Amino acid sequence: MKTLISTALAAVICATAAPAETFRWAGITDPQTMDPHAVNSAPVTSFLNNVYEGLVRRGKDMSIEPALAESWEPIGDGEGWRFHLRHGVTFHDGSAFDASDVIFSYNRASNEVSDVKGWFAPVAQVNMVDDFTVDILTKAPNPIFPDSIANWMIMDAGWAAKVGAELPDKENGNAATQSANGTGAFILSDRQPGLQTTLLPFAGWWDEANHNITKATFTPIKNSATAVAALLSGDIDLINPVPIQDAARLASNDEIKVVQGIEARVIMFGFGHAADTLKYTDDAGKPNPFQDVRVRQAVAHAINVPAILQTIMRGNAEPASQLVSPAMRGFSSTNAARPAYDVAAAKALLVDAGYGDGFSFGLKCPNDRYLNDESVCQAAVSMLAQIGITAELDAMPVRTYWPELREDNFDMYLLGWSPGTFDHEHPVRFLASTPNAEKKLGSWNFGGYSNARIDELLPMIQSEIDDVKRQAMLDEVTHLYQSEHAYVPMYVQPLVWGTRSNIELTQRPDNFLILRWITMN
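Residues numbered from 1 in each chain as written. Predicted model: local features only at pLDDT ≥ 70, side-chain atom pairs only at ≥ 80, totals over all residues. Heavy atoms only, no water.

A. Region of interest: the overall build of the protein chain. When you go through the protein chain residue by residue, the secondary structure sums to 15 helices and 22 strands. Here the C-alpha atoms of the protein chain give a radius of gyration of 23 Å, agreeing with the 24 Å that 2.2 N^0.38 yields for 521 residues. With respect to the three principal axes, the spread of C-alpha positions in the protein chain is 70 × 60 × 45 Å. The buried share of the protein chain, taken over its 521 residues, is 58%. Here the analysis covers contacts within the protein chain between residues at least 6 apart in sequence; of these, 71% occur between residues at least 24 apart. Carbon and sulfur atoms provide 50% of the accessible area of the protein chain, an area that totals close to 18900 Å². (Helix = DSSP H or I, 4+ residues; strand = E, 2+ residues; numbered from the N terminus. Rg over C-alpha atoms; globule rule 2.2 N^0.38 Å. Buried < 20%, exposed > 50% of the residue type's maximum accessible area, 1.4 Å probe, protein only. Contact = heavy atoms within 4.5 Å. Areas by Shrake-Rupley, 256 points an atom, 1.4 Å probe, with all protein chains shown as cover.)

In structure tokens, the structure reads:
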């Protein structure tokens, strides 16, 4: 009998009482670090949401709910937000949680060496009112600020000082890279990077435990066939993702559930806007064609998104026209159309730009980060060849990929983005703002795209409380980055998880696996 669970937002499967069990799950990407402020990527944030907690968290329906803060309210006329902290919370080592840990975690996470510093671009300062009250003052009224810090995780100031992890160290690592001391529902028991990571329930957790897991182990399995075999044999209880080509076969197995949905993540290509010359192939050192909007538009027309969705994604993904999906707040309905697949138009644009004879360049892609990422890039190479552009593909593990992008070692690259706030402002801040370390803006804008009008509109979008006025500004921003082809959005990535039939869980559109919602029957 076929078991297929499909939802547009999230598949929420009700928990029932069951004997305690060991839960084993696998994914293609091992979390790069156990430091919640060192790497701003979904594999890290998703995993650590089981170990660390923030002032607020997202529920099963993605709504914001209290966590280490019991409540919060705006201060004055848009001056900021006051958070009232939860009493009686302890870290995994038994240390008490209070406001000093929040202040420490803000200073640590907003530091220049932190990969999550962009979350705090709107913040002017953070003040400790008393041991259980913290004021976060913003540079302008910011009605969505509580939503923006759902993944900001609080660390124990005393523990960090004791182990020498006062600041994150993404490149070289420190004690927080391989160990952890959070307040979350699970304790990090053992960490073997690239092999296995083990979590145990935290008996002293402040909240009610609704799971029945006695031990949870994560194993990175890059080979999809190996992951499927492990699921079928019962060696693994959950794999994420299920290879698209295997979804129907697995769903027909009585011992397996396939849980499907649509993720919030938009998959796109980015360009080296700020690079004056190409860096790869025989054309290295020549003027960078991607600085010409006509060339970027030609790429957009050359990428056959319908074919990618049909052949590589097997009809399980939705086309994307902008940096967020239609399900996100601030999606621009007036700019919903995406460039049509048009080889003739693409060739004409290249001729007009002076590249009628084509050129070659380096395309960087991960091979273990997004669903079918390398296959998508291989397809793009063939599609670009049809218009006379030769792409030299360099696909690599994500652990190597992010450093390459941060060192500007690309001509064009693949990126997926899921807005942590589920709001269009989020990718505008991270991807479309001119990179500015002092203002903590554009921290994932690897190509250096810049538009002064977008920079001008962003703080206005962040502070506007009138939804109609705010949407009008987001519409303008969308039109600007679309008309300049700052990126080539292609599709919204599907969610396809496979579990043993005795697993009951919640699948959220952010693709976070939350262990406290899992029961095993």
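B. Structural context of the pairing of strand β12 (residues 213-220). Among the eight residues of β12, six are classified as buried, and the element is accordingly described as predominantly covered. Two strands pair when backbone bridges link them, and strand β3 (residues 21-27) and β12 are joined in this way by seven bridges, in the parallel orientation. Residue pairing for β12: R24 is matched across the bridge by T217. Sheet analysis places strand β11 (residues 196-201) next to β12, joined by three bridges and oriented antiparallel. (Pairing = 2+ DSSP bridges.)

C. Up close: the pattern of salt bridges. All told, the structure shown has 25 salt bridges when counted by the stated rule. Here R57 and E65 are joined by a salt bridge, their closest N and O atoms 2.7 Å apart. The class for E65 is partly exposed, based on a relative accessible area of 23%. The partner of R508 in a salt bridge is D510, and the shortest N-O contact between them spans 2.7 Å. Neither R508 nor D510 differs from the other in exposure class; each is buried. Here the residues in one salt-bridge network are R329, D423, D467 and R470, joined through shared partners. (Salt bridge = Lys/Arg side-chain N within 4 Å of Asp/Glu carboxyl O.)

D. Local environment of the sheet that holds strand β6 (residues 69-75). The four strands lie next to each other as β6-β7-β9-β8, forming an open sheet whose pairing is antiparallel. A single partner strand is all that each edge strand has here, and the edge strands are β6 and β8 (123-130). For this sheet, the mean inter-axis angle between neighbouring strands, taken without regard to orientation, is 20°. Pairing analysis gives five bridges linking strand β7 (residues 80-85) to strand β9 (residues 133-138), with the strands arranged antiparallel. Following the sheet pairing, H84 is matched in β9 by T133. Set on the sheet, helix α2 (residues 99-109) makes contact with β7, β8 and β9; between it and β8 the angle comes to about 165°. (Axes fitted to C-alpha atoms, helices over the stretch in contact; angles between N-to-C directions.)

E. Fine view of the packing of helix α14 (residues 452-463) against helix α15 (residues 467-483). Across the interface, α14 lies against α15 with an axial gap of 10 Å and an inter-helix angle of 155°. One way to sum up the angle between α14 and α15 is to call them roughly antiparallel. Of the two elements, α14 crosses α15, and the hand of that crossing is left-handed. Here α14 contributes R453, I454, L457, M460 and I461 to the contact with α15, which in turn contributes R470, M473, L474, E476, V477, L480 and Y481. (Parallel < 35°, antiparallel > 145°, perpendicular 65-115°, else oblique. Left-handed = near helix turned anticlockwise from the far one by under 90°.)

F. View of unusual backbone geometry. The omega angle of the peptide bond from N240 to P241 is 5°, so this bond is cis rather than trans. Residue position: P241 is located in the loop between β13 (238-240) and α7 (247-251). Non-glycine residue F422 carries a positive phi angle of around 55°. Looking at the secondary structure, you find F422 in the loop between β18 (412-417) and α13 (425-432). Judged by relative accessible area, F422 falls into the buried class, the value being 13%. One non-glycine residue with positive phi stands out, namely K440, at about 60°. Residue position: K440 is located in the loop between α13 and α14.

G. Layout of the nonpolar core. Ranked by internal contacts, the top residues of the largest apolar core, which has 120 residues, are L55, W152 and M490. Looking at which element gives the most residues to this core, the answer is strand β14 (residues 256-271), with eight residues. Excluding residues that lie within four positions of it along the chain, W152 makes contacts with H37, E53, G54, L55, V102, S105, Y106, A109, W119, F120 and I136. In this structure, M153, A160, F186 and I503 belong to the second largest nonpolar core, which totals 37 residues. (Core = buried A, V, L, I, M, F, W, Y, C linked by side-chain atoms within 4.5 Å.)

These figures capture arrangement, not role.
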